[in-house]
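Residue-level structural notes
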Amino acid sequence: MLHIYNSLTRKKELFTPREAGKVGMYVCGITVYDFCHIGHARMFIVFDVLFRHLQALGYDVNYVRNITDVDDKIIARAAENNQSVSELTSHYIDAMHADEAALSVLRPTHEPRATGAIDDMIALIERLIDLGFAYAADNGDVFYSVGKFDGYGQLSGRKLEDMRAGERVAVDENKKDPMDFVLWKSVKPGEPSWPSPWGDGRPGWHIECSAMAKSHLGEQFDIHGGGMDLQFPHHENEKAQSEAAHGCTFANYWMHNGFVRVDEEKMSKSLDNFFTVRDVLKDYTGEEVRFFIINSHYRSALNYSNAQLDASRAALQRLYTALRGTHVKPDLGIEQNYVDRFDKSMNDDLNTAEAFAVLFDLASEINKLNSPESDEVTVLANTMRSLGDRLGLLQLDPDAALQGSPGDQSGLSAAQIDALIDERIAARAAKDFGRGDEIRDQLAQEGIVLEDTGGKTTWRRG
RNA sequence: GGCUGAAUGGCAGAGUGGCUAUGCACCGGAUUGCAAAUCCGUUUACCUCGGUUCGACUCCGGGUUCAGCCUCCA
């Protein structure tokens, strides 16, 4: 029985899909004008874990995550780079996909782009105007009348009057009410535009998601996710648009992931304190980054630091060390009581940190048995790999995982390492421990750790 | 100013009204030529002040501190 925290009610609730066995899920993706940073990675990974967990529970999941490929920042960046908007966006979409692959993020069922859904947006805006929830200004902009929608503020827990009192932004003179937000922006010179009943222009950000959600999931669906910062105004506005247009509840459950911080401050473009995924992958593997992110609860703040990534590396080393030498024989089955414990944690609002404890218990059990070849251990290893897969982890060959180095390949090759190990074995056999230790020290300088276990010497990167 | 959320051992991070989270680090032991890995054992907690209770880190209230949103933002 899956329980998830619903941002709308601010409570953990039993998850009940609209249609038995099926889940419709929409997650706000990114605006593609730059490389993804670790904050984006957290969103990808958190909802990827949810996607995997729902599938493991047997649901047929329709997971939609959009790409915003037209927006002020994109247009500005393209102009800066002296390239077209589509050149810029396709470049960063490719980069995003590469980053996701490195982090073992599964592709969503659908990944619609805003520019591919303009007609749907126009249709939705027309409907909102017909129903009296939106109006076109003289300059061709179209706005949503926030005051016309009763439930406005429900999702973000705000009252309209409080928001008006807190208004600190210069008000657009075309708006009837300062709280109104734009659905369609009239064209400006040199910007991409599409024809519409209100003249050439382009869509506002919020309407994109309402339109894409509707075309892939219908007027009503189960889960809507995104970063915490989107709760207001983006999700509040999406909800207002869709519910006004369709007269029914938009999403039943709203989920928001917490932020990645740097020095206890939000990681963001505007603070210029962000680490891109590809930069981090120069020093750490995708799996280490993924572990770091899943190691804490998805709603809590997560402070980024190298010390944290180092700790993730050490933790994964322990897990892979336990798997080393074990067979991969899925037909021998898995140990259900570990799976039950794991499910219990995951069903509690994706308590991944607690679920990890099950993996470490398995590692500990395997180590205690000290018989990697036995059927008993094989079953435990199967269980570990299977549960690891539920989190998108532990799918590598253990030796490859322990010996692989992230990013740029440099230093000694595997063949050179093996040659030195052979020499050391010979020296030790001749009781020349001085030479043996010298070789071990030499390898340690290169970050290679030797382990003489059970009469055999193995190595890993430290 | 308004609205959220958070404060746990050296670090990270779960959780619970009375019973070992887990990982890393530390200490003692086993193992090892010495290490490493592994095993066994040990140590270190619950921001503050009140209240409820036989008993609170866990529930309630006040306070303090921190973060987020209110403007583009995962």
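Residues numbered from 1 in each chain as written. Chains lettered and ligands numbered in written order. Predicted model: local features only at pLDDT ≥ 70, side-chain atom pairs only at ≥ 80, totals over all residues. Heavy atoms only, no water.

Take the domain arrangement of chain A next. Domain boundaries in chain A define domain 1 (3-257), domain 2 (265-403) and domain 3 (414-461). Computed from C-alpha atoms alone, the centre-to-centre distance between domain 1 and domain 2 is 32 Å. Contacts between domain 1 and domain 2 engage 35 residues on the former and 35 residues on the latter. Counting the surface lost from both domain 1 and domain 2, the interface buries some 3000 Å², and carbon and sulfur atoms represent 62% of this. For the pair domain 1 and domain 2, the number of links is 5 salt bridges. Between Asp48 and Arg290 there is a salt bridge, with its nearest N and O atoms 2.7 Å apart. The interface formed by domain 1 and domain 2 contains 17 residue pairs in polar contact (both at pLDDT 80 or more). (Domains from an automatic or database assignment. Contact = heavy atoms within 4.5 Å. Buried area = accessible area lost by both parts, 1.4 Å probe. Salt bridge = Lys/Arg side-chain N within 4 Å of Asp/Glu carboxyl O. Polar contact = N/O pair within 3.5 Å; in protein donor to acceptor, adjacent residues only side chain to side chain.)

It is worth spelling out the pairing of strand E3 (residues 22-27) at this point. Of all 6 residues in E3, 5 are buried, a share of seventy percent or more. Note that E3 and strand E4 (residues 60-65) share 6 bridges and pair parallel. Paired with Met25 across the bridge in E4 is Tyr63. Here E3 pairs with strand E9 (residues 221-227) via 3 bridges, running parallel. Across the sheet, the residue bridging to Val27 is Gly225, located in E9. (Buried < 20%, exposed > 50% of the residue type's maximum accessible area, 1.4 Å probe, protein only. Helix = DSSP H or I, 4+ residues; strand = E, 2+ residues; numbered from the N terminus. Pairing = 2+ DSSP bridges.)

Another point: the sheet that holds strand E12 (residues 265-266). Taken in spatial order, the 3 strands make up an open sheet running E12-E11-E13, and their pairing is mixed. Single-partner strands in this sheet number two, and they are E12 and strand E13 (302-303). When strand E11 (residues 260-262) meets E12, the two strands line up antiparallel, connected through 2 bridges. Considered in E12, the bridge of Val262 is made with Glu265.

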